[in-house]
Amino acid sequence: MSNHLQGTVTLNNGVDMPAFGLGVYKVEEGQTAVAAVKTALEHGYRSIDTASFYQNEASVGQGIKESGILRNDIFLTSKVWNDEQGYASTLEAFERSLEKLDTDYLDLYLIHWPVKETFIDTWKAMEKLYHDGRVRAIGVSNFHIQHLERLLAEAEVVPAVDQVEFHPHLTQEGLRAFCERHGIQLEAWSPLKRGELLNHPALVTIGEKYGKNAAQIILRWDVQHQVVTIPKSITPERIISNADIFDFELTDEEMKQIDALNENSRSGSNPDEYDK
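Residues numbered from 1 in each chain as written. Predicted model: local features only at pLDDT ≥ 70, side-chain atom pairs only at ≥ 80, totals over all residues. Heavy atoms only, no water.

*Asks:* Before we go on, may I ask you to explain helix H7 (residues 201-210) in this structure?
*Replies:* Owing to its 3.6 residues per turn, the α-helix brings residues three or four apart onto one side. Regarding H7, the residues found buried are Ala-202, Leu-203, Ile-206 and Gly-207. Along the axis of H7, the buried residues cluster in a sector spanning 135°; they form a single face. Turned more than 90 degrees away from the buried face of H7, the exposed residues are Pro-201, Thr-205 and Glu-208. On the buried face of H7, the contacting elements are helix H8 (214-224) and helix H10 (252-259). Of the residues one or two after H7, Gly-211 is the one with positive phi, at around 70°. (Buried < 20%, exposed > 50% of the residue type's maximum accessible area, 1.4 Å probe, protein only. Helix = DSSP H or I, 4+ residues; strand = E, 2+ residues; numbered from the N terminus. Arc of directions from axis to C-beta. Contact = heavy atoms within 4.5 Å.)

So, in structure tokens, the structure goes:
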């Protein structure tokens, strides 16, 4: 378990990935995104997660440059979008992302959604990028167990990461167990369920014990479950607050109490919609 903001988990290929980072989904291209990235990096974050679909890669790259933090000290993730999938088009999409981010490599590149007709060919392209040294690790996003099983049957490289919706209303127990068995690191997007859980009475009550807010309790729960987490915010105070979770530890009973909030409910799309 990571015990400080720059703590890492070791992926299945030996690459160290920060256990905590900044997500920038729906962060507007331009100064808003630049400022969010700079604020996070200036306050100790070392992982930034973007995607071609977010249309803010150029601003993420600018924020990294303006932060003054060395590129080698930052773990940068992007993703290939659905209409970019396929072997040749994935290679082209990767080059576009590098150009926008103004970098010559990625630390992690993910398939954004399991588009049934294309994700195997997309994975073959990502394996090439990995073998060519263009990206330090490759993985997937929004893959259910059945998608991972199909991929593993044909893959040369086991995905290093599966980034999925994960929060106290969607605890993904089966998927977590599957990923653990296969050495795939689970990563949480929308860990706060897009803000829906910030006033949940059980989380607020636990937070009062530690002098923390509900968001901090959820993010600490992520970390103690060995799940990498990337909360999104553009507010400096919230970016700083979200990372202030390494000075306390939830008890086993509190972890179970939060686990019990599961409803198998989503704030985003169900990956099964891409598997028809």
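Right, picking up where we left off after that structure.
*Asks:* How do you make sense of the packing of aromatic side chains when you look at a structure like this?
*Replies:* Two aromatic rings are characterised by how far apart their centres lie and by the angle between their planes. Under the criterion given, the structure shown has eight aromatic pairs. Ring geometry for Phe-53 versus Trp-81: centroids 3.8 Å apart, planes at 15°, classification stacked. A residue pair is termed long-range when its members are at least 10 positions apart, and Phe-53 in the loop between strand S4 (47-49) and helix H2 (57-67) and Trp-81 in the loop between strand S5 (75-80) and helix H3 (87-101) qualify at 28 residues. Under the relative-accessibility criterion, Phe-53 is labelled partly exposed at 37%. Put simply, the rings of Phe-20, Tyr-45 and Phe-246 touch in pairs and so form one group of aromatic residues. Against the face of Tyr-105 rests Arg-71, its NZ or CZ located 4.0 Å from the ring centre. (Phe/Tyr/Trp six-rings, centres within 6.5 Å; stacked < 30°, edge-to-face > 60°. Lys NZ or Arg CZ within 6 Å of the ring centre and 35° of its normal.)

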